[in-house]
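Below, each chain spelled out in residue letters.
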Amino acid sequence: MKAPRFLTVALLPIVGCNALVHPGLLHTNADFTRIRSYVKAKTDPWYTGWEKLAAHANADYTPGAAAVVCRGASWCNPENYPVLYRDIAAAYANAIYWQVTGDTAYGDAAAAILDAWSGTLTTVTGSSDKYLAAGLYGYQLANAGEVLRGYGGWSGLDSLIDMMQAVFLPMNSDFLVNHNGAVIDHYWANWDLCNIASLHAIGVLADNQTAINQAVNYFKSGVGMGALNNAIWTIHTEDTSGKHLGQVQEAGRDQGHSLLDIALLGVIGQQAYNQGEDLFALEDNQILAGAEYVFKYNTGHDVPFTTYSNSQGTATSISSSGRGGIRPIAELIYAHYNGVRGLNVSWTGEYRDVVVEDGNGAEGGGGDYGSTSGGYDQLGFGTLLFRLDD
Ligand SMILES: *[C@@H]1O[C@H](CO)[C@@H](O)[C@H](O)[C@H]1NC(C)=O
Ligand SMILES: *[C@@H]1O[C@H](CO)[C@@H](O)[C@H](O)[C@H]1NC(C)=O
């Protein structure tokens, strides 16, 4: 007798629902167990990565929380958003330091930073750049909170969730729906991508399944430039290897933004993967194809280019502006596609190694790549946090 299949089909969604993993954004408990053992044994390259992170952990850090954060407008008084990204980097470093060592002084310091912002911030404003601030700092703040959420000395999780759902999430959601009133291709991919990452991250932090679904569905089939098939819009095949190289939407614009696209695609992939949603695997590993394209070009190799036109103009060749820029973003992608999946990610590996060498043995994080916003677009420290083995 055949099993009544409808029973299985009907029960599966119930089992899969409302079972969010915590911590479950960029890092899980299994990750922290691995990291602690490498740090304890002082094994490189993880230990070098640990020393880089530890240099930014500071139990005496004083946050500079403000009620209004302003980015990009001449009327900002002042344009104070660097305070926010520096405080988030400090909260994240302190929260990880607490996770790895158990030292409560660092847990308390991370809590003090997050609580200061939860209790103070009411508005993110500025030019259209306010949506970049809402996306970039939204996903990072949620990640800092998610790393700290198991700390018994912290009672501020609910306040952080309330603030993030009041200030950041509505902006993230609104941007993905309305794109600040502009034509759909006015905003380049990174604008959507950071808002997808933030909406998803806040959804996990807050156990808000609606927000998670909105972010995942938009990434799969949204109309803006951050949806997967728009962010990586044409697939080339490498002659020698048959490997897919995915041309990113911003390739003809400049490489700083192309690298940022890959940074954010990695964040979205990792956050979702840790909740059991494998966006990395979509469309025959399309995120990897994009990464291999961008990293190949940014390590000095030629890549194919298809003419790209949007409402801002036409690019007939890849832009060499910013080529070879250093961002701590490849360890995450390498760890997933090679470490977990066993795929050939040689261009990602080449870029990873350039950045690791630049950092004298490991990726650094916020504060190690200059004081301007680009150095803080990604949380970094990927050698310590993502590398699986050598
Ligand atoms: C959960 O997320 C959705 C957006 O996807 C939002 O409409 C809703 O207000 C959020 N819930 C709370 C309590 O903020
Ligand atoms: C991995 O891909 C590169 C080209 O992208 C190729 O040169 C190399 O031989 C491949 N490695 C293996 C082990 O197949």
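Look a little higher up for the structure.
Residues numbered from 1 in each chain as written. Chains lettered and ligands numbered in written order. Predicted model: local features only at pLDDT ≥ 70, side-chain atom pairs only at ≥ 80, totals over all residues. Heavy atoms only, no water.

1. Points about the site of ligand 2
For the record, the criterion: Each residue is tested against the molecule or strand, and it is near if at least one of its non-hydrogen atoms lies within 4 Å. Counted as a polar contact is a pair of N or O atoms within 3.5 Å, where, for protein atoms, one must be capable of donating a hydrogen and the other of accepting one, and residues adjacent in sequence contribute only when both atoms are in side chains. Each accessible area is a Shrake-Rupley estimate made with a 1.4 Å probe; only the visible protein chains count as cover when residues are assessed. Charged means Asp, Glu, Lys or Arg here, nonpolar means Ala, Val, Leu, Ile, Met, Phe, Trp, Tyr, Cys or Pro, and polar covers whatever is left, Gly included.
In the vicinity of ligand 2, the residues found are Glu238, Ser241, Lys243, Asn344, Ser346 and Trp347. Separating an oxygen atom of ligand 2 from a side-chain N or O atom of Lys243 is a distance of 2.7 Å. Considered on its own, ligand 2 offers 360 Å² of accessible surface; in the complex 41% of this is hidden by protein. Classifying every residue of the shell around ligand 2 gives one nonpolar, three polar and two charged.

2. Notes on helix H4 (residues 81–101)
Worth spelling out the cut-off: Going along the chain from the N terminus, every DSSP run of H or I of four or more residues is numbered as a helix, and every run of E of two or more is numbered as a strand. By this rule, a helix spans an expected 1.5 Å times one less than how many residues it contains. Only protein chains enter the area calculation, which uses a 1.4 Å probe; residues under 20% of their type maximum are buried, those over 50% are exposed, and those in between are partly exposed.
The first and last C-alpha atoms of H4 sit 30 Å apart over 21 residues, in line with the 30 Å expected at 1.5 Å per residue. For H4, the tally of buried residues reaches 18 of 21 residues, placing the bulk of the element in the interior. Looking one or two residues beyond H4, the residue adopting positive phi is Gly102, at roughly 75°.

3. Examining the pattern of salt bridges
For clarity, the cut-off: Whenever Lys or Arg places a side-chain nitrogen within 4 Å of a carboxyl oxygen from Asp or Glu, that contact is recorded as a salt bridge.
A complete count under the given rule lists eleven salt bridges for this structure. Of the charged contacts, one joins Arg71 and Asp129 as a salt bridge, the two residues approaching to 4.0 Å between their closest N and O atoms. Here Asp129 lies in helix H6 (residues 129–148) and Arg71 lies in strand S1 (residues 68–71), a separation of 58 residues in the sequence. Residue classification places Arg71 among the buried positions, given a relative accessible area of 9%. For Asp129, a relative accessible area of 21% corresponds to the partly exposed category. In this structure, the salt-bridge partner of Lys220 is Glu277, at a minimum N-O distance of 2.8 Å. Here Lys220 is found in helix H9 (residues 209–221), whereas its partner Glu277 is found in the loop between helix H11 (255–273) and helix H12 (282–298), with 57 residues between them in sequence. Residue Lys220 is classed as partly exposed on the basis of its relative accessible area, which comes to 38%. Glu277 gets classed as partly exposed once you look at its relative accessible area, which sits at 28%. One salt-bridge network, in which partners are shared between bridges, spans Glu331, Arg352, Asp353 and Arg387.

4. Considering the site of ligand 1
In the neighbourhood of ligand 1, the contacting residues comprise Gln165, Leu169, Asn208, Thr210, Ala211 and Gln214. Residue Asn208 places a side-chain N or O atom 2.4 Å away from an oxygen atom belonging to ligand 1. At 2.7 Å, a side-chain N or O of Gln214 approaches an oxygen atom of ligand 1. Here ligand 1 has 360 Å² of accessible area as a free molecule, and 54% of this is covered by the chains. Of all the elements in the fold, those that place two or more residues in the shell around ligand 1 are helix H7 (157–178) and H9.

5. Some details on the state of the cysteines
The criterion, for reference: A pair of sulfur atoms, both from cysteines and within 2.5 Å, is called a disulfide here.
Counted under the stated rule, the structure contains one disulfide. Two residues, Cys70 and Cys76, share a disulfide whose sulfurs are 2.0 Å apart. Every disulfide takes its handedness from the sign of the S-S torsion; for Cys70 and Cys76 that torsion is -75°, giving left-handed. Neither residue differs from the other here; Cys70 and Cys76 are each classed as buried. Looking at Cys194, it has no disulfide partner, and the nearest cysteine sulfur is the one in Cys70, 17 Å off. By relative accessible area, which is 0% here, Cys194 ends up buried.

6. Here's the deal with the environment of Val294
Just so we agree on the cut-off: Residue contacts are counted whenever heavy atoms from the two residues lie within 4.5 Å of one another.
Relative to the assigned elements, Val294 resides in helix H12. Along the primary structure Val294 and Val248 are separated by 46 residues, whereas in three dimensions their C-alpha atoms are 7.6 Å apart. Ignoring any residue separated from it by four or fewer positions in sequence, one finds Val294 in contact with Val248, Ser258, Leu259 and Ile262.

7. Regarding the environment of His236
Here His236 shows up in strand S3 (residues 232–237). Assessed through its relative accessible area of 11%, His236 is described here as buried. Considered as a pair, His236 and Ala289 are 53 residues apart in the sequence and their alpha carbons are 8.7 Å apart. Polar contacts involving the side chain of His236 include one to the side chain of Gln247, which spans 2.9 Å.

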